[in-house]
Amino acid sequence: MTPMKAVRIHAYGGPELLHYEDVPRPWLKPDDLLIQVAAAAVNPVDWKIREGYLQGFLNHRLPLILGWDVAGTVVEVGPEATGFQVGDAVYARPDIERNGSYAEFIAVKASEAALKPATLDFVHAAAVPLAALTAWQSLVDAAQLQAGQTVLIHAAAGGVGSFAVQLAKARGARVIATASAVNTGLAAELGADQFIDYTRTRFEDVAKDVDVVLDTIGGDTQERSWQVLKPGGILVSVISPPPEATAAAHGVRSAFVFIQPSGSQLTQIAQMIDQGQMKPVIHAVLPLSEARQAQVISQGGHARGKIVLRVGD
Ligand SMILES: NC(=O)c1ccc[n+]([C@@H]2O[C@H](COP(=O)([O-])OP(=O)(O)OC[C@H]3O[C@@H](n4cnc5c(N)ncnc54)[C@H](OP(=O)(O)O)[C@@H]3O)[C@@H](O)[C@H]2O)c1
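Residues numbered from 1 in each chain as written. Predicted model: local features only at pLDDT ≥ 70, side-chain atom pairs only at ≥ 80, totals over all residues.

**Regarding the site of the ligand**
Selection criterion: For each residue, a C-beta atom is placed from the backbone, and the residue counts as near a molecule or strand when that atom lies within 6 Å of it. Helix and strand definitions here come from DSSP, where helices need a minimum of 4 consecutive H or I residues and strands a minimum of 2 consecutive E residues; each element is numbered from the N-terminal end. Residues are grouped as follows: nonpolar covers Ala, Val, Leu, Ile, Met, Phe, Trp, Tyr, Cys and Pro; charged covers Asp, Glu, Lys and Arg; every other residue, Gly included, is treated as polar. Note that the domain bounds were set by an automatic or database domain assignment.
Taken together, 30 residues sit near the ligand, with Pro44, Ala157, Gly158, Gly159 and Ser180 positioned nearest. Counting residues per element, the ones that place at least two in the shell around the ligand are helix H1 (44-51), helix H3 (129-142), helix H4 (159-170) and strand E10 (174-179). Top element by residues in the shell around the ligand is H4. It accounts for three residues. Broken down by class, the residue content of the shell around the ligand amounts to 15 nonpolar, 14 polar and one charged. If you count residues domain by domain, the shell around the ligand takes at least three from each of domain 1 (3-128 + 280-310) and domain 2 (131-256).

**Concerning helix H9 (residues 263-274)**
Residue pairs three or four apart in sequence face the same way in an α-helix, which turns once every 3.6 residues. As a reminder of what qualifies: Expected span of a helix, by definition, is 1.5 Å for each gap between consecutive residues, and there is one gap fewer than residues. Exposure criterion: with C-beta atoms placed from backbone coordinates, a residue whose C-beta has 20 or more other C-beta atoms within 10 Å is buried, one with 12 or fewer is exposed, and one in between is partly exposed. Taking the helix axis as origin, the arc is that swept by the directions to the C-beta atoms. Once C-beta atoms have been placed from the backbone, residue pairs whose C-beta atoms lie within 7 Å are recorded as contacts.
Along its 12 residues, H9 runs 16 Å from first to last C-alpha, staying within 8% of the 16 Å computed at 1.5 Å per residue. Where H9 is concerned, the buried positions are Gly263, Leu266, Ile269, Ala270 and Ile273. The buried residues of H9 occupy an angular sector of 110° when the element is viewed end-on, so they sit on one face. Considering only its buried residues, H9 is in contact with strand E6 (89-92), strand E8 (113-115) and H3. Downstream of H9 by one or two residues, Gly276 has phi in the positive range, about 80°.

**Some points on the domain arrangement of the protein chain**
Domain boundaries assigned for the protein chain yield domain 1 (3-128 + 280-310) and domain 2 (131-256). Placing the centre of domain 1 and that of domain 2 at their C-alpha centroids yields a distance of 27 Å. At the junction of the two partners, domain 1 supplies eight residues and domain 2 supplies nine residues. Looking at the side of domain 1 that touches domain 2 residue by residue, the class counts come to three nonpolar, two polar and three charged.

**Focus: the packing of H3 against H9**
The condition is simple: Lines fitted to C-alpha atoms define the axes here, with helix axes fitted over just the stretch in contact, and angles between the N-to-C directions of these axes take values from 0 to 180 degrees. Angles below 35 degrees are treated as roughly parallel, those above 145 as roughly antiparallel, those between 65 and 115 as roughly perpendicular, and all remaining angles as oblique.
Remark: H3 packs on H9, axes separated minimally by 10 Å, with the N-to-C direction vectors making an angle of 95°. It follows that H3 is roughly perpendicular to H9 by the angle criterion. Only Gln265, Leu266 and Ile269 of H9 make contact with H3, whose side of the interface consists of Pro129, Ala132, Leu133 and Trp136. The residue makeup of the contact of H3 with H9, split by class, is six nonpolar, one polar and no charged.

**A short note on the sheet that holds strand E2 (residues 19-24)**
For clarity, the cut-off: Being paired, for any two strands, means DSSP has found at least two bridges between them.
Taken in spatial order, the three strands of this open sheet run E2-E1-E4, and their pairing is antiparallel. Sheet topology places E2 and strand E4 (64-65) at the edges, where each strand pairs with a single neighbour. Pairing analysis gives six bridges linking strand E1 (residues 3-9) to E2, with the strands arranged antiparallel. The residue of E2 that forms the bridge with Val7 is Tyr20.

**Concerning H4**
The end-to-end C-alpha distance of H4 is 17 Å, a good match for the 16 Å that 12 residues give at a rise of 1.5 Å each. The buried fraction of H4 amounts to 10 of the 12 residues, a majority that puts the element mostly inside the structure. Of all the positions in H4, only Gly159, Val160, Gly161, Ser162, Phe163, Ala164, Val165, Gln166, Leu167 and Ala168 are classed as buried. Structurally, H4 contributes buried residues whose contacts are with H3, strand E9 (150-153), E10, helix H5 (184-190), strand E12 (210-215) and strand E16 (306-310).

**Structural notes on the environment of Val75**
Take Val75: it is sitting in strand E5 (residues 70-77). Measuring from C-alpha to C-alpha, the distance between Val75 and Leu34 comes to 5.7 Å, with 41 residues separating the pair along the chain. Leave out the neighbours within four places in its chain, and Val75 touches Leu34, Gln36 and Val86.

**Topic: the sheet that holds strand E11 (residues 194-197)**
Across the sheet, which stays open at both edges, the six strands sit in the order E11-E10-E9-E12-E13-E14 with parallel pairing between neighbours. This sheet does not close on itself; its edge strands, each paired only once, are E11 and strand E14 (253-256). Each strand axis lies, on average, 15° off the axis of its neighbour in the sheet, ignoring direction. Relative to strand E13 (residues 229-237), E12 runs parallel, the two sharing five bridges. Across the sheet, Leu214 pairs through a bridge with Val236, a residue of E13. Of the strands in this sheet, E9, E12, E13 and E14 are in contact with H3, which crosses E12 at around 155°.

**What to know about the nonpolar core**
Inclusion rule: To define a nonpolar core, we join buried Ala, Val, Leu, Ile, Met, Phe, Trp, Tyr and Cys residues through C-beta atoms within 7 Å and take the resulting set.
Grouped together as the largest cluster of nonpolar side chains are 106 residues, with contacts concentrated most on Ala39, Ala126, Leu139 and Val151. A total of nine residues in this core trace back to one element, the largest contributor, which is strand E3 (residues 32-42). When residues of this core are assigned to domains, at least three map to each of domain 1 (3-128 + 280-310) and domain 2 (131-256). In contact with Leu139, other than residues within four places in its own chain, are Leu145, Val151, Ala164, Leu167, Ala168, Val212 and Leu214.

**Structural notes on the environment of Leu115**
Within the fold, Leu115 resides in strand E8. Taking the C-beta count within 10 Å as the criterion, Leu115 has 17 such neighbours and is therefore assigned partly exposed. Distance in space between the C-alpha atoms of Leu115 and Tyr91 is 6.2 Å, their sequence separation being 24 residues. When near neighbours in sequence (up to four residues on either side) are disregarded, Leu115 contacts Asp88, Ala89, Val90 and Ala270.

The structure is reproduced here in structure tokens:
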């Protein structure tokens, strides 16, 4: 079988366990596309899986290729895959239970892919799917955010938060954003109406009568978020399921979102990007062979937008 370069783990643990090596090219299921990867973005879930934190929740077998954000070119179309042809420039957040995108090629279900935004190159397109879909499924699907509502977005300078701020503004909401002071300018550029430096100010002292909280931090941040909601408001967490009893005690609702792949939502996101309503923020671009360094940056917890691995030339 023709080999390809990929970054895999053979055991769970630290970043030193990421190996840039020759591996077999993926085989296609009938409804798959084979994508020649041009760029793959790094997400916190990558290092969480590498550390072994999601064992029991996800059924991975080792060795495993990490990375679940991809932009590239379709080079083969499975016999039952529809909607795409060889040569299409696509992007996707592939099935997290399968081998990922830190590789020269990836097999992706056609229903998980979409044509990439025409206005973005591959590096910027790869930075979109996982984070933008998470923002979409949290704010549009779970919270059903409406024009005129107020939303508090935690970690507005992060991958998910940077898309969430832009998406909320595009839907006509008022956005309160948290981040450290260094990211004030970024939050304003993305459209935030109010900025809270979480290192100096307790957000619950400032944010009041909020319709929607997007919790991207968990723990103490989630616990302190209940009190900022107005009656009937909703706390959406992408970190841990908020206790229903606590929601009921505050007279509010709660939801936990674990992102699902969706080619159709990526098509809508691509339209918004091409219309200038959203854009990815890029923290750093590294070659695939430096995936270890990319994950160390991600694990540090202060990336400003997305870290992207460039694959091939
Ligand atoms: N359930 C799901 O489907 C799902 C999907 C995507 C992501 N997630 C999870 O959601 C979390 C966020 O993901 P991400 O990709 O956005 O992460 P990220 O890009 O690594 O987030 C980094 C950002 O977090 C900010 N930050 C750190 N501590 C903060 C705090 N206490 N308050 C406010 N901002 C803070 C940092 O801003 P400063 O540098 O200014 O501090 C930095 O810009 C991760 O834990 C990820 O695993 C879950």
